Every structure is written in C-alpha cells, then in structure tokens.
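A look at the structure
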Amino acid sequence: MTGMSTATCPAPATELLDQPFAISAAHIARYRRDGCIKLKGVLDADTLAHYGRLIADYVAAKAKDLPPLENRGTYGKAFQQIGNIWPHDEAIRRFVFSKRLARIAAELMECSGVRMYHDQALFKEPGGGFTPWHADQQYWPLASDRSVTAWIPLQATPLEMGPLQFALGSQRLPIGRDLEISDESERLIGTKLTDLPKDETPFDLGEVSFHAGWSMHRAGPNQTGRMRGVMTVIYIDAGMRLSVPANRNQEADARGWCPGIEPGEVIASPLNPVMWEA
Ligand SMILES: O=C(O)CCC(=O)C(=O)O
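What this report covers is the structure whose coordinates are included nearby. (Residues numbered from 1 in each chain as written. Predicted model: local features only at pLDDT ≥ 70, side-chain atom pairs only at ≥ 80, totals over all residues. Heavy atoms only, no water.)

Digging into the overall build of the chain
Convention followed: The way it works is that DSSP assigns letters per residue, a run of H or I at least four long becomes a helix, a run of E at least two long becomes a strand, and they are numbered from the N terminus. Only protein chains enter the calculation, and the probe is 1.4 Å; a residue is then buried if its accessible area is under 20% of its type maximum, exposed if over 50%, and partly exposed in between. Any two residues having at least one pair of non-hydrogen atoms within 4.5 Å are treated as being in contact. Accessible areas in this description were obtained via Shrake-Rupley with a 1.4 Å probe; residue shielding takes into account the shown protein chains only. Asp and Glu count as negative and Lys and Arg as positive, but His and the ends of the chain are not part of the count. By convention, the charge on Lys lies at NZ, on Arg at CZ, on Asp at CG and on Glu at CD.
On a plain count of helices and strands, the chain comes out with seven helices and eleven strands. Projecting the C-alpha coordinates of the chain onto the three principal axes gives extents of approximately 50 × 45 × 40 Å. Per-residue burial for the chain yields a buried fraction of 54% across its 278 residues. Within the chain, counting contacts between residues at least 6 apart in sequence, those at least 24 apart form 85% of the total. Carbon and sulfur atoms make up 54% of the accessible area of the chain, which totals about 11,700 Å². For the chain, the centre of its 29 positive side-chain charges and the centre of its 33 negative side-chain charges are spaced 2 Å apart.

Next comes the structure, spelled out in structure tokens:
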C-alpha cells in the first residue's frame, strides 16, 4: 500500500497463502461465543505488500469515476466498494483463494468445507466517513447462519484509520437485522448494543478478523491522509442453500452472486466454488 509500482513490488517470499494456520479449540469457542475473532500473524509483510499493490491498483482503476467524497451519502463516504474481483483478475484470484484463509473460515464455523460467496475490496479513503453499525446477512439470501467474512487489512490499521469494530455476542441478538447500512442503522442498532462488550482495537500488519454474518460491526472514519485498503472474502458453508430473498438487497445478491440457483438449492453456481474442504 505504498507508492511502489507493481513492477517493483517484490513477489511473496513464501507460499504462506496455502499453509495451514493453527486454529485451536479456544479460538473456535471464542468465535462461537463472540461471533468474531481477530487473529494476529495470519499473513506476512511480503504477501501483503505484493497483493496489496495489485488490489490497490485494481480498485483505483474501478473507482476513478466516483463522485467526490463530499457529494456522497453516508454509505458512499464509508468506502470504495468493488465486489467479486476474483473472476476478472488471475493474480488477485491467487490471494482470494488462499487455502490458509478458507481453512480458518471452515474451522471457525465448524464446517467440513466452505464455498465462495463473494469477495470485495473496501477502501476507506483519506477523510472517508464512518461505516454504520450493521449485520451483513441482512444482504444475503442464505438458509443458515454459517457465513463468515475474512476482513484483511492490507496495511497496519491504527484506530484513526477506521479499523473494523465488533459488538461481542451480537450475532445472538435478533435486533436490527432488517436494517440496511445507513444513518438509521448506526443510530438504532448502536443504541441497542450499549450493554455488549465491544472490540475496538487497531489491527497489526498481518492481523485478520473473521466475523459471522449476523455479527454487528461498524468502523470509524479514516482520519489519516492514507487510504485504508482492505480486502474481504466471504465464505459460506459448502452445503449452504439459497433462501427465498427477504428484501431487495437479497434479491440483488441472489441474482449477482448465485446465478441460476433457485431457493432451496445448494449454492453451487460457477461463482461459488468450494475453496477448502477437509
Ligand atoms: O470495512 C468496513 O469499513 C466495513 C466492513 C464490513 O462491514 C464488512 O466487511 O462486513
């Protein structure tokens, strides 16, 4: 995420992307209790420098025609959002299909395998706004709660850059689940989470978080002069079935991310390959 060009950016020194990361029974218990977990040392500096540059260049090209920050609403100010890069870019696909990350997702969810739901880059610009409280599964037509997002910062992310924050245990509270990302979700969900402990900590370089589809999360604004580059990968249980879409966001997701799949069928379209199985 520096000013380095792709040509001068070193190739990753290791095959770390496919090596297993040790997930313990304590990690799994914590994820089950909190609905999220932050893991240090998942990726190394070389891997992040190499793929971070590729992803940043891809996002910059796609986002170049966005209106200026001041002309966008709360959602638009929160980040530049580029979804499903992997089918379009062979090099970035290598990063997104990391077996190390996919296996962590499967082990935390206690599934024997995981599929791709979609990837997305979330780049919070210098001066970019906060990300309102929300739960991702409001957007996802999924028949069970076995979904998880790997949130992968491409640089160390101090508090002033807007790291992801979580309300621990909120995945068990049936509140605010019908609310889209908005000023309303920030206000209504925020007021209902006051009794829950929060994780509002910076991310070290190489640290990655995993949060469940119903886990409530937000992020602060980016008060630095640097881009907060983040890549995300969303995994679903390999046996996940499509549910009947409950709102217009879920209708759009079913069409866009699960093409040709009907409610009740396993989400096994060409856009949803198995990424890891035991
Ligand atoms: O990156 C952000 O600011 C928000 C990320 C998020 O909501 C997500 O990955 O589910």
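Once the structure has been displayed, the description carries forward.
A few points about the environment of S182
Within the element layout of this structure, S182 appears in the loop between β6 (164-167) and α6 (183-192). Taking the C-alpha atoms as reference points, S182 and G73, 109 residues apart in sequence, are found 9.0 Å from one another.

A closer look at the site of the ligand
Threshold: Distances are taken per atom, and a residue is near a molecule or strand as soon as one of its heavy atoms is within 4 Å of it. N or O atoms closer than or at 3.5 Å make up a polar contact, with two conditions inside protein: a donor-capable atom paired with an acceptor-capable one, and, for residues adjacent in sequence, both atoms drawn from side chains. In the scheme used here, Gly and all other residues not listed as nonpolar or charged are polar, with Ala, Val, Leu, Ile, Met, Phe, Trp, Tyr, Cys and Pro taken as nonpolar and Asp, Glu, Lys and Arg as charged.
Among the 14 residues in the neighbourhood of the ligand, the closest are listed as T131, H134, D136, H217 and R228. In this structure, an oxygen atom belonging to the ligand sits 3.1 Å away from a side-chain N or O atom of H211. Interatomic distance of 2.7 Å between a side-chain N/O atom of R228 and an oxygen atom of the ligand. Starting from 290 Å² of accessible surface for the ligand in isolation, the protein chains cover 96%. Of all elements in the fold, only β4 (131-134), β5 (147-153) and β9 (217-219) reach the threshold of two or more residues within the shell around the ligand. Partitioning the shell around the ligand into residue classes produces five nonpolar, six polar and three charged.

Looking at the pairing of β6
Remember that side chains alternate between the two faces of the sheet whenever the strand is regular. Using the following cut-off: Only when DSSP finds a minimum of two bridges between them are two strands counted as paired.
Side-chain alternation along β6 places L164 and F166 on one buried face and Q165 and A167 on a second face that is also buried. Sheet analysis places β6 next to β9, joined by three bridges and oriented antiparallel. Opposite F166, over in β9, you have H217 as the bridge partner. Pairing geometry for β6 and strand β7 (residues 198-199), over two bridges, is antiparallel. Counterpart to A167 in the pairing with β7 is K198.

Comments concerning α6
Where we set the bar: Comment: arc refers to directions from the helix axis out to C-beta atoms.
Residues of α6 that are buried include every one of S185, E186 and I189, and no others. An end-on view of α6 places all buried positions within 100° of arc, on one side of the element. Looking at α6, the residues exposed on the side facing more than 90 degrees away from the buried face are R187 and T191.

Some remarks on the nonpolar core
A general trend in soluble globular proteins is that nonpolar side chains are found buried together. Selection criterion: The nonpolar core is taken to be a set of buried Ala, Val, Leu, Ile, Met, Phe, Trp, Tyr and Cys residues, with the residues joined through side-chain atoms within 4.5 Å.
Core analysis: the biggest nonpolar cluster contains 48 residues, and F210 and Y235 have the highest contact counts within it. If we ignore the near neighbours within four places in the chain, the residues touching Y235 are V96, L101, A102, A105, M109, V114, R115, R146, S147, V148, A150 and M275. Core analysis: the second largest hydrophobic core is formed by 14 residues, L142, I181, L242 and I261 among them.

Brief notes about the pattern of salt bridges
Basically, it comes down to this: Any carboxyl oxygen of Asp or Glu that lies within 4 Å of a side-chain nitrogen of Lys or Arg is treated as forming a salt bridge with it.
Enumeration according to the criterion identifies 13 salt bridges in this entry. Ionic pairing is found between K40 and E207, a salt bridge with its closest N-O pair at 3.3 Å. Within this pair, whereas K40 is found in the loop between β1 (36-39) and α2 (45-63), its partner E207 is found in the loop between β7 and β8 (208-212), the two being separated by 167 residues in sequence. By relative accessible area, which is 4% here, E207 ends up buried. Between R218 and E186 there is a salt bridge, with its nearest N and O atoms 3.0 Å apart. Linking R218 in strand β9 with E186 in helix α6, this pair joins segments that are 32 residues apart in sequence. Assessed through its relative accessible area of 14%, R218 is described here as buried. What you see here is one network of salt bridges that share partners, running through E15, D18 and R94.

Points about the packing of aromatic side chains
Rules: Pairs were defined over the aromatic rings of Phe, Tyr and Trp, the Trp ring being its six-membered one, requiring ring centres within 6.5 Å. Orientation was assigned from the angle between planes: stacked under 30 degrees, edge-to-face over 60, tilted for the rest. Note on criteria: charge over ring means Lys NZ or Arg CZ within 6 Å of the ring centre, with the direction from the centre no more than 35 degrees off the ring normal.
If you walk through the whole model with that rule in mind, you get five aromatic pairs. When the centroid spacing of 5.7 Å and the interplanar angle of 85° are considered together, the rings of Y75 and F79 count as edge-to-face. Note that K38 overlies the ring of F203, its terminal NZ or CZ placed 3.8 Å from the centroid. The ring of W214 has R177 sitting right over it, with the charged end atom 4.3 Å from the ring centre.

Some words on the sheet that holds β7
In sheet architecture, strand pairing relies on hydrogen bonds along the backbone and comes in two forms, parallel and antiparallel. Strand order in the open sheet formed by four strands is β4-β9-β6-β7, and the pairing between neighbours is antiparallel. In the strand order of this sheet, the two ends are held by β4 and β7, each with one partner.

Description of helix α5 (residues 99-109)
Most of α5 is tucked away, with eight of its eleven residues classed as buried. Within the sequence span of α5, burial applies to R100, L101, A102, I104, A105, A106, L108 and M109. At the N-terminal boundary of α5, the capping side chain belongs to S98, with an oxygen 3.3 Å from the backbone nitrogen of R100. Two residues or fewer after α5 comes E110, characterised by a positive phi angle close to 60°.

Keep in mind these values describe shape, not function.
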